[in-house]
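Here is what each chain is made of, one letter per residue.
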Amino acid sequence: MSGRVPRAGGHAGAGDLLELVRSGRATTRGALQQATGLSRATVGQRLDRLFRAGWLREGAGGPVDSPLGGRPSITLEFDDSHAVVLAADLDTRHARAAVLSLTGEIQAEHTGTLVIEDGPGAVLDELGRWFAELLQKAGQPADAVCGIGLAVPGPVDSDTGRVVQPPIMPGWDGHDIRGRLAGAFAEHAGGGADTVVLVDNDANLMAYGEQRAGYPGCAAFALVKVSTGIGAGMVVRGEIYRGIDGGAGDIGHIRVPEGADALCRCGAYGCLAAVASGGAVARKLAEAGVPAASGSDVRDLLVSGHPEAMALAREAGRHVGDVLATVVTLLNPGVLMIAGDLAGTPFLTGVRELLYQRALPRSTAHLDVVTSRLGERAGLVGAGALVVEHLYAPERVEERLVALGV
């Protein structure tokens, strides 16, 4: 949940009450009265609209508040069965898609080959087919979908949902991803062409999913994804930090001295991604005669304990750890999570070696350096959560209730 504070003093609307229930801060009628200052009758009226929309339900009776006894208070719960969310996470050569409940449980999932260089038309059209099949698998009709979340491996302008000069997404710059994906969903699954589609950077959404699932109390959370490229996502006080136009966290293009002769896919020399990404490690292995063409190949070699892959992963971790010393000093996070194809013991060891050597003790005194909990599903969970938080934000709930006629 975000850190929003519902309005009080009689101004709280139905959306504010729903936010209080969803966050667990107030789950009875009496608690809602106390939190908002609304009268019992007004709380009842606003809750009635949420019940009629199918967004709330009554749960079991809670503890008796009064020492004099009496009937237990009826608890209120967010009813996550009234809709589902579609989510997809694109990598350079494969993708993962799923149907999720409004509380993040995966109901159906598919992973397959999807090459980002084929362009937005082919990729998004194929996603539309996947979504249709997944809805059938989950036993859900198209009209149960309240929104679609998409994670992409490039910088995104969150206001427009368009990628901005993405180094590893040729042909995608400025494309209307929202409109194209909504159209593909309508064509293949029978959904509405005006279905809400939200797009964000994959590291951002991985960070959002991991923070919400495992570290909800962490006020400054950072995740670094090391796969074909290198990117970071940050969640500050419950909200994704994107910078002024979606460019925050693009640490793969920080220049490092060791990469002076290494050409990056962005066209520049010396980028961190050119010397320490999964793609860079794969190239070094291939030059040494070890079959490897991508970060996923490196991951497989690391799982099998390949000694040269492990040594190169540790070296890559040291390069990334050197850059992360600056990131940690600037952001002062409570959790630094390493994710992606290289996220294993050798890489993590290298990160820690340089991070703790270069960063001031003050910056790392309360820092936990960890690996992913959600694994390859982190982007899906984050994309689903982004849609839910958008659609059930207090200011948007009122608009949706009016549209539903309740």
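Note that this is a predicted model, so its numbers are computed, not measured.

Peer 1: Whenever I open this one, the packing of aromatic side chains confuses me. Can you help?
Peer 2: We describe a pair of aromatic rings using the distance from one ring centre to the other and the angle between the two ring planes. Applying the stated rule across the entire model yields three aromatic pairs. Relative to Y392, the ring of F78 lies with its centre 5.3 Å away and its plane at 75 degrees, an arrangement referred to as edge-to-face. Of the two residues, F78 sits in strand β2 (residues 74-78) while Y392 sits in the loop between α13 (378-391) and α14 (394-404), which places them 314 residues apart along the sequence. In terms of burial, F78 and Y392 fall into one category: buried. Pairing Y215 with F221 gives two aromatic rings, centres 5.7 Å apart and planes at 40 degrees, and the pair type is tilted. Just as Y215 is buried, F221 falls in that class too. Ring pairing ties together the aromatic residues W55, F78 and Y392, which thus form one cluster. When the ring centre of Y392 is taken as origin, the NZ or CZ atom of R400, which lies over that ring, is 4.6 Å away.

Peer 1: Hey, could you run me through the sheet that holds strand β13 (residues 335-339) in this one?
Peer 2: Spatially, β12-β11-β10-β13-β14 is the arrangement adopted by the five strands of the open sheet, whose pairing is mixed. With one partner strand each, in any of the chains shown, β12 (239-240) and β14 (368-371) form the two edges of the open sheet. The sheet contact formed by strand β10 (residues 220-226) and strand β11 (residues 230-236) spans seven bridges and is antiparallel. Of the residues in β11, the one forming a bridge with L223 is G233.

Peer 1: Sorry if this is basic, but what is going on with the pattern of salt bridges here?
Peer 2: Between side chains of opposite charge, a pair can form when the charged atoms approach closely. Overall, the coordinates contain 24 salt bridges when judged by the stated rule. Close ionic contact of E398 with R49 constitutes a salt bridge, the shortest N to O distance being 3.1 Å. Remark: R49 occurs in helix α3 (residues 40-53) and E398 occurs in helix α14; sequence separation between them is 349 residues. The exposure class of R49 is buried, given its relative accessible area of 17%. Among the charged side chains, a salt-bridge network with shared partners connects R96, E109, R299, D300, D341, E376 and R377.

Peer 1: I tried to follow the environment of A325 on my own but got confused; where do I start?
Peer 2: Relative to the assigned elements, A325 resides in helix α10 (residues 307-331). With relative accessibility at 6%, the residue A325 sits in the buried group. Separated by 295 residues in sequence, A325 and G30 place their C-alpha atoms 48 Å apart.

Peer 1: Would you mind showing me how to read the sheet that holds strand β6 (residues 145-152) here?
Peer 2: Strand pairing in a sheet relies on backbone hydrogen bonds. The paired strands run either parallel or antiparallel. Here five strands make up an open sheet; going across it, the order is β5-β4-β3-β6-β9 and the pairing mixed. Only two strands of the sheet have a single partner each, and these edge strands are β5 (106-113) and β9 (197-201). Strand-to-strand twist in this sheet, taken as the mean axis angle between neighbours without regard to direction, amounts to 15 degrees. As paired elements, strand β3 (residues 84-90) and β6 share six bridges and run parallel to each other. In the strand pairing of β6, A88 is matched with L150. Docked against the sheet, α13 engages β3, β4 (94-101), β5, β6 and β9, running at close to 135 degrees with respect to β3.

Peer 1: Would you explain the pairing of β4 in this entry?
Peer 2: Working note: regular strand, side chains alternate between the two faces of the sheet. Of all the eight residues making up β4, seven are buried; the element is thus mostly covered by neighbouring parts of the structure. Count of turn residues in the β3/β4 antiparallel hairpin: three residues. As judged from the seven bridges shared by β4 and β5, these two strands associate in the antiparallel manner. Residue pairing across strands places R96 opposite T111, the latter belonging to β5.

Peer 1: Is there a simple way to think about the packing of helix α8 (residues 278-287) against helix α9 (residues 295-303) in this case?
Peer 2: The packing of two helices is summarised by the inter-axis angle and the distance between the axes. Remark: α8 packs on α9, axes separated minimally by 7 Å, with the N-to-C direction vectors making an angle of 70 degrees. Here α8 is positioned roughly perpendicular relative to α9, judged by the angle of their axes. Contacts from G278, G279, V281, A282 and L285 in α8 reach G295, V298 and L301 in α9. Residues belonging to the contact of α8 with α9 are distributed by class as follows: five nonpolar, three polar and no charged.

Peer 1: I would appreciate a short explanation of unusual backbone geometry in the present structure.
Peer 2: Note on backbone geometry: most residues besides glycine have negative phi, and most peptide bonds are trans. At Q165, a position not held by glycine, the phi torsion is positive, near 45 degrees. Along the chain, Q165 falls in the loop between β8 (162-163) and α5 (177-189). Of note, the phi angle at R237 is positive, near 50 degrees, even though the residue is not glycine. Note on R237: relative accessible area 64%, which makes it exposed.

Peer 1: Can you help me understand the nonpolar core in this one?
Peer 2: It is characteristic of soluble globular proteins that their nonpolar side chains tend to be buried jointly. L32, L50, F221 and Y392 are the most contacted members of the largest nonpolar core, which totals 52 residues. Here this core takes eight residues from α13, the largest share from any one element. Counting 45 residues, the second-largest nonpolar core is a separate cluster that includes V226, A273, A309 and V320.

Rules of the game
- Residues numbered from 1 in each chain as written.
- Predicted model: local features only at pLDDT ≥ 70, side-chain atom pairs only at ≥ 80, totals over all residues.
- Heavy atoms only, no water.
- Phe/Tyr/Trp six-rings, centres within 6.5 Å; stacked < 30°, edge-to-face > 60°.
- Helix = DSSP H or I, 4+ residues; strand = E, 2+ residues; numbered from the N terminus.
- Buried < 20%, exposed > 50% of the residue type's maximum accessible area, 1.4 Å probe, protein only.
- Lys NZ or Arg CZ within 6 Å of the ring centre and 35° of its normal.
- Pairing = 2+ DSSP bridges.
- Salt bridge = Lys/Arg side-chain N within 4 Å of Asp/Glu carboxyl O.
- Axes fitted to C-alpha atoms, helices over the stretch in contact; angles between N-to-C directions.
- Contact = heavy atoms within 4.5 Å.
- Parallel < 35°, antiparallel > 145°, perpendicular 65-115°, else oblique.
- Nonpolar A, V, L, I, M, F, W, Y, C, P; charged D, E, K, R; others polar.
- Core = buried A, V, L, I, M, F, W, Y, C linked by side-chain atoms within 4.5 Å.

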